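# Working through the structure, step by step
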Amino acid sequence: MPIVTDPTTVTAERLRGNGYVPREGRPAFGRIGNTRRMAFAGCFALLGLTLTAAPAAAHGHDPGRVVLGAHDGWAAATTGTTGGAAAEPGDVRTVTKHSELAAALAAHPGAPKIVYVRGTIEGNVDAHDRPVSCEGFADPGYTLPGYLAAYDPATWGKVEPSGPLEEARARSQANQAAQVVLDVGPNTTIVGLGDRATLHGLTLRVTGDNVILRNLRFSDAHDCFPQWDPLDGADGNWNSEYDNVDLVGATHVWVDHNDFGDGGNTAQPTYFGRKYEVHDGLLDIVNGSDLVTVSDNRLHDHDKTMLIGNTDKPTYDVGKLRVSVHHNLFSEIGQRAPRVRYGQVHVYDNLYLVRDPAAYTYSLGVGVESRIYAENNFFRLPAGLPLGALVEYWKGTVLHATGTLVAQGADRPRPVDLLAEYNAANDPDLGPDVGWTPALVSRLDPAWQVPARVLAGAGSPHAE
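Description of the structure in this document. (Residues numbered from 1 in each chain as written. Predicted model: local features only at pLDDT ≥ 70, side-chain atom pairs only at ≥ 80, totals over all residues. Heavy atoms only, no water.)

What follows covers the packing of aromatic side chains. Two numbers describe a pair of aromatic rings. These are the distance of the centres and the angle of the planes. According to the stated counting rule, one finds 17 aromatic pairs in the structure shown. Note on Trp-228 and Phe-272: the rings are 5.0 Å apart at their centroids and 70° apart in plane angle, and the pair reads as edge-to-face. With Trp-228 in strand S8 (residues 227-229) and Phe-272 in the loop between strand S13 (270-271) and strand S14 (274-275), this pair connects stretches of sequence that are 44 residues apart. Relative accessible area serves as the criterion here: at 1%, Trp-228 is assigned to the buried category. A centroid spacing of 5.0 Å and a plane angle of 75° characterise the contact between Trp-238 and Tyr-276, whose relative ring orientation is edge-to-face. In this pair, Trp-238 is assigned in strand S9 (residues 237-239) and Tyr-276 in the loop between S14 and strand S15 (283-286), connecting sequence segments 38 residues apart. A residue is classified by how much of its surface remains accessible, and Trp-238, at 3% relative accessible area, is buried. The exposure class of Tyr-276 is buried, given its relative accessible area of 6%. Ring-pair connections join several aromatic residues into one group, and the members of that group are Tyr-142, Tyr-147, Tyr-151, Trp-156, Phe-225, Trp-228, Trp-238, Tyr-271, Phe-272 and Tyr-276. One Lys or Arg, Arg-339, reaches over the ring of Trp-394 and ends 3.7 Å from the middle of that ring. (Phe/Tyr/Trp six-rings, centres within 6.5 Å; stacked < 30°, edge-to-face > 60°. Helix = DSSP H or I, 4+ residues; strand = E, 2+ residues; numbered from the N terminus. Buried < 20%, exposed > 50% of the residue type's maximum accessible area, 1.4 Å probe, protein only. Lys NZ or Arg CZ within 6 Å of the ring centre and 35° of its normal.)

Below, the structure is given as C-alpha cells:
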C-alpha cells in the first residue's frame, strides 16, 4: 500500500482526509521552524514525500494549561496526568537561565507549578550562570591522562578501576552532577515557549507524580568524566552518567512534542580501542516508574536511546514500567527504541529511519519479563539490513508485533512480521502472547499513514 495516494504534499487537512483525527488535549501540529523544516524535508525525501506547513490550529492557547487526553496511553490511567495545570498565578514562572529554572522547580514543593522555558538554558554553569568547563568541575586529584595511564588494560587488566584516581574521577563527576542534574517534583508542567526553547547540557530527573514535559529541545547532556569498565562487553566500554531526561520512580508522566539529541557533540576520541562515550540515554524510565506516555517526540542521532527498566533484578519494577510510546520519530538511532524490562509497553505508530547500517544495532529490545505490544510501526531501512536485526533478545520471552510496514532500499513499503523475521534468524524463539491488550489508545493510525503523520508532527513545535 502506498504511503499516500498522491505523494506530493502533506498537510493536516490531507491527513484528515485519510482518516486522521487530532487527538485530545493538543493541536494537530505546531508550526515548524526553518531548521526543522529542512531536516524533515530530507526525511520526507527518503520516503518520496514533500512537506508543506501545517496550519497552526492552536495558536494563542496557553501551553502550560494543556493536560493529557483521557485515553492517551498509560499516563491517562487512574487519576490521569494534568501536571501543573491547576497552578495559582504565583506558581507560574518564565525562566531563561539555569538559576531561574532551579529556583522555579524547587519552589513550593508539591504545589502545582508551571515553568515556561524561553531561549537556551545551559547546564554547565556555576551558581551565577557563568560557564564552567569540564576542567572547572575536575577534582584536583583527577586528570584524564593520569586516568588513562593508571587503568590501561595492558597493565591494569580486566579489573574494575579502583584507588585514588577512580575516586577523584567520581568526585569530579559529582561536582558536575550538582549543577547539571535538576529534580522535577510532583504536579509540575515544564513547557517551552517558541520553537527554540532548549535545555543544553542538562538532565531533568523526574521523581514525582503528575508531571508534563512538552515543547522542549533536550540537547547534549554530556558527562565530562566517563568511567572505564573493562568488564562491559568483550573489550570493555566507556560509560557515562547523564540522560537528557531520567524518570526515577516517577508516575503519571507525559513527555510530548520534544526534541532529543546530542547537539552535534559526537566526535569523541578512542581510548583503549573504544569510543570515549560522553552520553548515556536520551530518555530513560527506571526504578519503578509507571504510567508514562511518550508521544510525538523526535529522538535522533544517538546510540542508547530509551531504556525502560535498568536492572534484571525485580527490585522495583514488577507490575510497573507501564509505558505508551507512540507517534515518535526515531531517526539515526543505534539501539533501545525502546529496550524494555518487566513493563507492559505499547509501542505504536512510530517511525524508524535508518540510513547507516554500521551505526545501527536494533530497535526493540526484549528484556526480562517484558511485555511489548508493538503495532502499526513503520521502518525505513537501507537495502541489505537483515530484518531479523530489528528485534534484540535481552532475556525476554515474548513479543506482540503486528501491522508493521518496512520500506527497504528503493523498494515500496511492504508488510513484515517482525516476530517471524526474528525467530527465523535467532534462537531462542520468542512467543507471541504477551498476556495483555492495550485499552488506553486515543487513536491508532494505520502504518501507511505514520510517515506523514510523524514527520509533520513530531518534535518541539512553536508553542506560542
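Take the pairing of strand S24 (residues 364-367) next. With burial as the criterion, each face of S24 is covered, one bearing Leu-364 and Val-366 and the other bearing Gly-365 and Gly-367. Bridge count for strand S21 (residues 339-340) against S24 is two bridges, and the pairing is parallel. What sits directly across from Val-340, in S24, is Val-366. Two elements, S24 and strand S27 (residues 391-394), share four bridges in a ladder whose sense is parallel. Residue Gly-365 lies in a different strand from S27, and its bridge partner there is Glu-392. (Pairing = 2+ DSSP bridges.)

The next point concerns the state of the cysteines. Inspection of the entire model under this criterion finds one disulfide. Residue pairing for Cys-134: its cysteine sulfur links by disulfide to Cys-224, the two sulfurs lying 2.0 Å apart. Judged by the sign of its S-S torsion, about -70°, the bond between Cys-134 and Cys-224 is left-handed. Note that Cys-134 is positioned in helix H4 (residues 134-137) and Cys-224 in the loop between strand S7 (217-219) and S8, a separation of 90 residues in sequence. Taking relative accessible area as the criterion, Cys-224 reaches 10% and is therefore assigned buried. (Disulfide = S-S within 2.5 Å.)

Once that is clear, we can look at the side chain of Arg-217. With respect to the helices, strands and loops of the structure, Arg-217 is situated in strand S7. Here Arg-217 is buried and forms no salt bridge, its nearest opposite-charge partner Asp-259 lying at an N-O distance of 4.6 Å. A polar side-chain atom of Arg-217 sits 3.0 Å from the main-chain carbonyl oxygen of Asp-195. (Lys, Arg positive; Asp, Glu negative; His and termini not counted. Salt bridge = Lys/Arg side-chain N within 4 Å of Asp/Glu carboxyl O. Polar contact = N/O pair within 3.5 Å; in protein donor to acceptor, adjacent residues only side chain to side chain.)

A separate point is unusual backbone geometry. In this structure, the amide linkage connecting Ala-337 to the following residue, Pro-338, adopts the cis form with an omega of -5°. Here Pro-338 is to be found in the loop between strand S20 (329-335) and S21. Across the junction of Asp-427 and Pro-428, the peptide omega takes the value 0°, indicating a cis bond. With respect to the secondary-structure elements, Pro-428 resides in the loop between helix H8 (418-425) and helix H9 (450-457). Here His-108, not a glycine, exhibits a phi torsion of approximately 45°, which is positive. Relative to the assigned elements, His-108 resides in the loop between helix H3 (98-106) and strand S2 (113-122). Given a relative accessible area of 47%, His-108 falls into the partly exposed group.

The subject of this paragraph is H8. Buried within H8 are the following residues: Leu-418, Leu-419, Tyr-422 and Asn-423. Seen along its axis, H8 keeps its buried residues to an arc of 125°; they face one direction. Among the exposed residues of H8, those pointing more than 90 degrees away from its buried face are Ala-424 and Ala-425. Along its buried surface, H8 packs onto S24, strand S26 (378-381), S27 and strand S28 (400-402). Backbone nitrogen of Leu-419 and a side-chain oxygen of the N-cap are separated by 3.1 Å at the start of H8; the cap is Asp-417. (Arc of directions from axis to C-beta. Contact = heavy atoms within 4.5 Å.)

Counting residues in each nonpolar core, the largest one holds 65 residues, and the members touching the most others are Leu-101, Ile-190 and Leu-247. Look past the residues within four positions of Leu-247 in its chain and what remains in contact with it is Val-206, Val-253, Leu-283, Asp-284, Ile-285, Val-286, Ser-289 and Val-292. Val-132, Tyr-147, Tyr-151 and Ala-168 belong to the second largest nonpolar core, which has 14 residues in total. (Core = buried A, V, L, I, M, F, W, Y, C linked by side-chain atoms within 4.5 Å.)

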